[in-house]
Amino acid sequence: MECIFCRIAAGTATARIVFESPRVLAFEDLHPQAPVHVLVVPREHIDSLWELVDAQLAGELLLAAAEVARRKGLARGFRVLTNARRDGGQEVEHLHLHIVGGKRLGRMLPG
Ligand code: AMP
Ligand code: ZN
């Protein structure tokens, strides 16, 4: 199994798990970009958001992101984002949501 997030989901690579459900897993990012930086992934391999067609799973991923934010005490605010495909800056080709927070985040979009 090549994919590192599949290996984490299978338990053959280690990660600091934050949330688990039958179809979704969340773990600490190895190179955090903020005081809180957690990744939410589907247990099954899906390359990116481009390939996501399962509405139930999409909902579970988003609800997991919200649960991670609550568990991490991010009541002051947080951000959820996903990088998709090459031009989106995706480095690990297994769909993941970044949950970042724990500091005042700079604006990402103009206006
Ligand atoms: P992206 O650029 O959106 O594909 O983000 C990939 C993220 O995965 C980066 O923030 C990495 O720090 C993180 N990452 C890569 N390998 C691991 C790992 N083994 N455990 C936890 N996070 C990882
Ligand atoms: Zn995978």
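That block above? That's the structure.
Predicted model only: the values in this text are computed from it and were never measured.

Procedures and definitions
Residues numbered from 1 in each chain as written. Chains lettered and ligands numbered in written order. Predicted model: local features only at pLDDT ≥ 70, side-chain atom pairs only at ≥ 80, totals over all residues. Heavy atoms only, no water. Core = buried A, V, L, I, M, F, W, Y, C linked by side-chain atoms within 4.5 Å. Buried < 20%, exposed > 50% of the residue type's maximum accessible area, 1.4 Å probe, protein only. Helix = DSSP H or I, 4+ residues; strand = E, 2+ residues; numbered from the N terminus. Contact = heavy atoms within 4.5 Å. Near = heavy atom within 4 Å. Polar contact = N/O pair within 3.5 Å; in protein donor to acceptor, adjacent residues only side chain to side chain. Areas by Shrake-Rupley, 256 points an atom, 1.4 Å probe, with all protein chains shown as cover. Nonpolar A, V, L, I, M, F, W, Y, C, P; charged D, E, K, R; others polar.

Caption draft 1: Geometry of the nonpolar core. By size, the foremost hydrophobic cluster in this structure holds 19 residues, and its most contacted members are Val24, Ala26, Val38, Val40, Leu61, Val68 and Ile99. Those elements that provide at least two residues to this core are strand 1 (17–20), strand 2 (24–28), strand 3 (36–42), helix 2 (55–71) and strand 5 (97–101). Ignoring any residue separated from it by four or fewer positions in sequence, one finds valine 40 in contact with Val24, Leu25, Ala26, Leu61, Ala64, Ala65, Val68, Leu95, His96, Leu97 and Ile99. Core analysis: the second largest hydrophobic core is formed by 10 residues, Phe5, Ala9, Phe27 and Leu39 among them.

Caption draft 2: Up close: the site of ligand 1. Residues in contact with ligand 1 amount to 16 residues; listed here are only the nearest, Asp29, Asn83, Glu91, His96 and His98. Between an oxygen atom of ligand 1 and a side-chain N or O atom of aspartate 29, the distance comes to 2.5 Å. At a separation of 2.9 Å, an oxygen atom of ligand 1 approaches a polar backbone atom of valine 92. In isolation ligand 1 has 510 Å² of accessible area, and contact with the protein removes 85% of it. Put simply, the parts of the chain that give the shell around ligand 1 at least two residues each are helix 1 (4–10) and strand 2. Looking at the shell around ligand 1 element by element, the count peaks at three residues for helix 1. Across the shell around ligand 1, the residue classes tally to seven nonpolar, six polar and three charged.

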